[in-house]
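# Chains, contacts and geometry: an overview
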Amino acid sequence: MTANVAILGASGYTGAELVRLIATHPDMRIAALTADRKAGQSMAQVFPHLRHLDLPQLTTIDQVDFAGIDLAFVALPHGLSQALVKDLPRTLRVVDLGADFRLTPEGYRSWYGADHVAPELQQEAVYGLTEFYRDRIRGARLVAGTGCNAATVQFALRPLIEARLIDLDDIVCDLKNGISGAGRSLKENMLFAERSEDVAGYSQGGKHRHLGEFDQEFSALAGREVRILFTPHLIPVNRGILASCYVKGDPQAIHAALAARYAPEPFCVVLPYGELPAMSHVQGSNFVHLGVVGDRVAGRTLVVSTLDNLNKGSSGQAMQNANLMLGLPETAGLMLAPIFP
């Protein structure tokens, strides 16, 4: 049976990536596409690379008839999803790609400085890191996609925290992120002349909101407070994230734990010990690559994780979750090989 889906907020990068992925899905059909500022236009006008696809015209959200739609992907800017999802039919399954439902009400208030308009939905939402919440996602009505940076680091660290293999008070993560992670809206500091040939940190000093996800998830895993040092940087590439995580623990044991944890996972690849991944190895795909190497100082280890922020970090993750929610094969539409070069 073919599932009818809607993409609410289809004019952004993640919306376009969802369309690209669903185009190859054997059991999904796009029934509605919305983009308030570009309503009335075709996707071919907004994204010429998709002009070969037979797609519905862009409309406003209030023009969508949700009767007959099985699942909605919500790809809206932060703060817009909560009121919208609150008013959607309760029979509709929802995968939200934004930040509105990732945190508890208390965590949201702390990191975003405001009360959530739908706290009851915050408590209902299932955190969307598929490989760790798979069983709950299958039965969920609302799934909250992770932050792309947050997903990259969690793939590196969750199995190690759970297995008590590293010093929880000495975790440092240095992360490099492509420009598309900042979204498609026009920003002066994202102009080519501003970002080309440059590397710049942002939201440093414990200010990045993805730290709320790390605090929430790592502390729950450890059964105690865990606060990592996290430093993100923008680099002049279109897409991709690479996280270098510096931890204290035996490198061989760390590699063995990651290899064992991810052996059954179709999208997680742990490289042979001593090999490290690169962004270009996962670009355009739903794969995450991980590598481990020991330091010259005994007991210090580098764990590197990389994924495509628009795919595995957002739209691919969303479709992986949607497959589970709709009772479809989890890998359907997602086994595209990475693009290289």
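In what follows, the accompanying structure is described. (Residues numbered from 1 in each chain as written. Predicted model: local features only at pLDDT ≥ 70, side-chain atom pairs only at ≥ 80, totals over all residues. Heavy atoms only, no water.)

### Overview of the pairing of strand E10 (residues 229-234)
- Bridge count for strand E8 (residues 172-177) against E10 is six bridges, and the pairing is parallel. By the bridge assignment, Cys-173 is partnered in E10 with Phe-230. (Pairing = 2+ DSSP bridges. Helix = DSSP H or I, 4+ residues; strand = E, 2+ residues; numbered from the N terminus.)

### Things to note about the sheet that holds strand E4 (residues 71-74)
- The strand order E3-E2-E1-E4-E5-E7-E6 describes an open sheet built from seven strands, whose pairing is parallel. The open sheet is flanked by strand E3 (58-59) and strand E6 (126-127), the only strands paired with a single partner.
- Note that strand E1 (residues 3-8) and strand E2 (residues 28-34) share six bridges and pair parallel. Note that in E2 the partner of Ile-7 across the bridge is Leu-33.

### Focus on the nonpolar core
- Within the largest apolar cluster, 78 residues are counted, with the highest numbers of intra-cluster contacts made by Phe-73, Val-153, Phe-155, Leu-157 and Ile-228.
- With nine residues, helix H7 (residues 148-162) is the single largest residue contributor to this core.
- Leu-157 has contacts with Ile-166, Ile-171, Cys-173, Phe-218, Cys-245 and Val-247, leaving out every residue within four places of it along the chain.
- Grouped together as the second largest cluster of nonpolar side chains are 21 residues, Ile-61, Ala-72, Leu-76 and Ala-144 included. (Core = buried A, V, L, I, M, F, W, Y, C linked by side-chain atoms within 4.5 Å. Buried < 20%, exposed > 50% of the residue type's maximum accessible area, 1.4 Å probe, protein only. Contact = heavy atoms within 4.5 Å.)

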